[in-house]
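This is what each chain is made of:
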Amino acid sequence: MGHKLHIRIVVMILAVLSLIALGLRNYSPYAARGARPKQAPTVVLAMEDVYLVGLGHNGKLWSAKADKVEIGRDRSITELDKIHDARIYDSGKVALKAKAGKAIYNTRRKNLSLGGGVEIVGSNGQKVTGEGAVWSSSNAMLRSVGPVKFDGKMGNVVADRLVVDLKSQELGMWNVSMKIRLDALNDDAMEAR
């Protein structure tokens, strides 16, 4: 037993001496010639199967479940891959739900850019699908990136561009093609009487 204790003490002393010899303050695991990276990595943190929340002064701005998340070196850009369940909040309440192939969150601009195929569902079941969209937390605006398809109770609309203003509760579309279900139109007319 005493012999093993002496060996452990000798190993510990050698470890301490080697740390001192390396100059603890200047030690780098990449110190060998040619092994040091030419520049710092652009991604400093990568995680899988993650739930993230974007916070502002008044609480949640957005939340998302993603297969993979990468946070950049300056921590202002966060990239999310395969978003299963994203939620966009307005005044602390869920205003929109979304799925997307990928997303990029810019903490400086407070923008969440969704891409790679996007599906956004509103509080009344309306659904917007398209290639991408950008959510700006600062002004509560959602803008499409490219053409979109809007499905609602009355039918569907295809548009070149869509803007949703959650503050004013307005939706704008440009260059629109629409299909309306007449039975839904008649149901709405009967409810209005």
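Here is a short report on the structure shown in this document. Please read all numbers here as calculations on a predicted model, not as lab measurements. (Residues numbered from 1 in each chain as written. Predicted model: local features only at pLDDT ≥ 70, side-chain atom pairs only at ≥ 80, totals over all residues. Heavy atoms only, no water.)

Positive charge collects at one region of the surface, where K99, K127, K149 and K179 lie side by side. Tracing the chain through its elements places K149 in strand β7 (residues 141-152). (Patch = residues over 30% accessible without salt bridge, like charges linked within 9 Å, V, L, I, M, F, W, Y side chains within 5 Å. Areas by Shrake-Rupley, 256 points an atom, 1.4 Å probe, with all protein chains shown as cover. Salt bridge = Lys/Arg side-chain N within 4 Å of Asp/Glu carboxyl O. Lys, Arg positive; Asp, Glu negative; His and termini not counted. Charge placed at Lys NZ, Arg CZ, Asp CG, Glu CD. Helix = DSSP H or I, 4+ residues; strand = E, 2+ residues; numbered from the N terminus.)

What follows deals with the pairing of strand β6 (residues 127-136). Here strand β5 (residues 111-122) runs beside β6; their pairing, made up of 8 bridges, is antiparallel. What sits directly across from L114, in β6, is A133. As paired elements, β6 and β7 share 9 bridges and run antiparallel to each other. Bridged to K127 within β7 is D151. Connecting the antiparallel pair β6 and β7 is a turn made up of 4 residues, with A140 showing a positive phi of about 55°. (Pairing = 2+ DSSP bridges.)

Along the chain, N111 turns up in strand β5. Residue class for N111 comes out buried when judged on its relative accessible area of 19%. Dropping the residues within four chain positions of it, N111 is found in contact with I104, Y105, N106, V134, W135 and S136. (Buried < 20%, exposed > 50% of the residue type's maximum accessible area, 1.4 Å probe, protein only. Contact = heavy atoms within 4.5 Å.)

With that out of the way, let us pick up the pairing of strand β9 (residues 170-180). With 10 bridges joining them, strand β8 (residues 155-165) and β9 adopt antiparallel strand pairing. Its bridge partner lying in β9, V163 is registered against G172. Here β8 hands over to β9 after 4 residues, with Q169 in that stretch at a positive phi of 60°.

What follows deals with the nonpolar core. One finds W62, L80, I83 and I120 to be the most contacted residues of the largest nonpolar core, which totals 34 residues. Among the secondary structure elements, those contributing two or more residues to this core are β1 (43-56), β2 (59-72), β3 (77-90), β4 (93-106), β5, β6, β7 and β8. Sequence-distant contacts of L80, defined by excluding residues within four places in its chain, comprise L52, W62, A64, A66, K68, V69, K102 and A103. (Core = buried A, V, L, I, M, F, W, Y, C linked by side-chain atoms within 4.5 Å.)

Moving on: the pattern of salt bridges. Inspection of every chain in the model, using the stated rule, returns 2 salt bridges. Close ionic contact of K68 with E70 constitutes a salt bridge, the shortest N to O distance being 3.2 Å. As a salt-bridge pair, D85 and R87 come within 3.4 Å of each other at their nearest N and O atoms. In this structure D85 comes out as partly exposed when scored by relative accessible area, which is 23%. By relative accessible area, which is 26% here, R87 ends up partly exposed.

So, to be careful, I would describe these as geometric facts and stop short of saying anything about function.
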